[in-house]
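What follows is each chain in one-letter form.
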Amino acid sequence: MGDIHWWRTKFGEEEKALIGEAIDGEHISQGTVTRAFEKALEAYLGVDHVVATTSGSMAILMALMTLGVGPGDEVIVPNRTWIATAHAPLVLGAKVRLVDVQREVPILDASLLEAAITPRTRAILPVHLNGRSADMVTVNQVAARHGIPVVEDAAQALGSRNAAGLLGTQSSLGCFSLSVAKIIATGQGGFVVTRDTGLYQRLLALRTHGVTDVLHAQWTSLGFNFRFNDILASIGLAQLPRLEARIQHVRAIYRRYEPALEALPFLSLIPVDLEAGAVPIYIEVLVPRREELIAHLATRGIQTRPFYPDLDKAAYMENPGTFPRSEVFGSQGLFLPSGPDQPLESVDRVIEALRAFGALS
Ligand SMILES: Cc1ncc(COP(=O)(O)O)c(C=O)c1O
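What counts, and where the lines are drawn
Residues numbered from 1 in each chain as written. Predicted model: local features only at pLDDT ≥ 70, side-chain atom pairs only at ≥ 80, totals over all residues. Pairing = 2+ DSSP bridges. Helix = DSSP H or I, 4+ residues; strand = E, 2+ residues; numbered from the N terminus. Near = placed C-beta within 6 Å. Nonpolar A, V, L, I, M, F, W, Y, C, P; charged D, E, K, R; others polar. Domains from an automatic or database assignment. Contact = placed C-beta atoms within 7 Å. Core = buried A, V, L, I, M, F, W, Y, C linked by C-beta atoms within 7 Å. Buried ≥ 20, exposed ≤ 12 C-beta atoms within 10 Å, placed from the backbone. Axes fitted to C-alpha atoms, helices over the stretch in contact; angles between N-to-C directions. Expected span 1.5 Å × (residues − 1). Arc of directions from axis to C-beta.

Moving on: the pairing of strand β11 (residues 283-286). By the bridge criterion, two bridges tie strand β10 (residues 268-269) to β11 in an arrangement that is antiparallel. Across the sheet, residue Ser268 finds its bridge partner in β11, namely Leu286. One ladder, built from four bridges, connects β11 with strand β13 (residues 333-336); its direction is antiparallel. Following the sheet pairing, Ile283 is matched in β13 by Leu336.

Here it is in structure tokens:
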């Protein structure tokens, strides 16, 4: 029996074939294959514009730069997310104002939003963690009342829906990641989506140092090299047709775990609402005896991953206040093995090992 990794995505013959085609056609840098990938994403998401870049972190950075976020500004971020959501405003010299999450799920508590807004607030960044939708109705209402743009961090939510449709498409700008532990992966990669043609033009210029025609360059506005490349876009194009099947598979994994975990008294599944349209790419549990369980599973060749810390644990964030609801997630959260190519037999082995832990205690 081989080891079970906390995450599993396969790359295969289609990827190799498309990469080969790109190389044969001398499509090495950002060119026609990247544009084809962007168009495929536009069609899938039903948005007018997609701009591919090198990572989800860069996507957020570009979105905030496009909105003109800079020193003296504040950006609202939930206290539970991957640190990229906060680092993007911080590297632009803005301040991050953290907001606590809901009690049941590590998603922004939208009822705390109003109190976090100040005259300096320049953007609100709700995060759809593990496919769970933030309360976009409330977020958009509060934002509109104050004239503040919303940027959705949908890095973990490609293909997830709420009642209004696909996540990441319900605000000014949506940001996605294509890093390895995502439902579609290009190794590294990300993209920004928008329906606003003005924002789109600014994103395009920003991606290439403000230059719109590289053969006849003019220095017109600040930008940087945020360009994607056709080799990675080839991997994306090979993966995209598998998205629907992958969504079904990660949902099947969730359904396999759910009843088994409910019967175990030493942990609790952090729920994902499949009926609402969420796609749970991760299986997340709370375990008070986390370190013991990690060690127990490791002896059986099962890899897990503890949750990343709450953002307020980063001292350089300089955020006063307490975030009591986040704490339980940061201290007890654990990712169990999952991913679009994780076999259901591996899930069964994990469940068996979990039951054995229960029997020992
Ligand atoms: C919620 C969230 N935001 C942003 C990112 C950043 O994406 P990337 O790793 O592609 O830079 C990630 C990546 O895991 C993420 O999970």
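From this point, the discussion proceeds with the structure in view.
We now examine the site of the ligand. The full set close to the ligand counts 14 residues, and Ser55, Gly56, Ser57, Ala155 and Ser177 are the nearest of them. Looking at the shell around the ligand residue by residue, the classes come out as four nonpolar, nine polar and one charged.

Right, let's talk about the domain arrangement of the protein for a bit. Domain annotation for the protein reports domain 1 (13-241) and domain 2 (243-360). On the side of domain 2, 27 residues touch domain 1, which itself brings 29 residues to the contact. Counting residues per element, the ones that place at least two in the side of domain 1 that touches domain 2 are β3 (95-99) and β6 (161-162). When its residues are assigned to classes, the side of domain 1 that touches domain 2 shows twelve nonpolar, ten polar and seven charged.

Reading across from one edge, β10-β11-β13-β12 is the order of the four strands in this open sheet, with antiparallel pairing throughout. Two strands bound the open sheet, and with one partner strand each, they are β10 and β12 (305-306). As defined by bridge partners, β12 adjoins β13 across two bridges and the pair is classed as antiparallel. Note that in β13 the partner of Arg305 across the bridge is Phe335.

Quick look at the environment of Pro119 now. Inspection of the secondary structure puts Pro119 in the loop between α5 (113-116) and β4 (121-124). On a C-alpha basis, the gap between Pro119 and Pro340 in space is 43 Å, while along the polypeptide they are 221 residues apart.

What follows covers the nonpolar core. Ranked by size, the top nonpolar core spans 102 residues in total, and within it Ala63, Leu64, Cys175 and Val192 carry the most contacts. It is helix α3 (residues 56-66) that provides the largest number of residues to this core, a total of seven residues. Those residues in contact with Cys175 that sit more than four places away from it in its chain are Gly56, Ala59, Ile60, Ala63, Val151, Glu152, Asp153, Ala154, Ala155, Gly190 and Val192.

Glancing now at the environment of Ala40. In this structure, Ala40 sits in helix α2 (residues 32-45). The spatial distance from the C-alpha of Ala40 to the C-alpha of Leu240 is 8.1 Å, given a sequence separation of 200 residues. Residues within four places of Ala40 in sequence aside, it is in contact with Leu237 and Leu240.

Attention now goes to the sheet that holds strand β9 (residues 190-194). An order of β1-β9-β8-β5 is seen for the four strands of this open sheet, with the pairing classed as mixed. If you trace the sheet from one side to the other, it starts and ends with β1 (49-53) and β5 (151-153), each paired once. Strand-to-strand twist in this sheet, taken as the mean axis angle between neighbours without regard to direction, amounts to 20°. Strand contacts of α2: β1 and β9, with the helix running at about 135° to β1, the strand carrying the most contacts.

For the rest of this paragraph, the subject is α2. Taking 1.5 Å of rise per residue, 14 residues should cover 20 Å, and α2 covers 20 Å from first to last C-alpha, within 8% of that figure. Buried within α2 are the following residues: Val33, Thr34, Phe37, Leu41 and Leu45. In an axial view of α2, the angular spread of the buried residues amounts to 105°, which keeps them on one side of the axis. Away from its buried face by more than 90 degrees, α2 exposes Thr32, Lys39 and Ala43. On its buried side, α2 packs onto α1 (13-24), β1, β7 (165-166), β9 and α8 (230-239). At the C-terminal side of α2, Gly46 shows a positive phi close to 70°.

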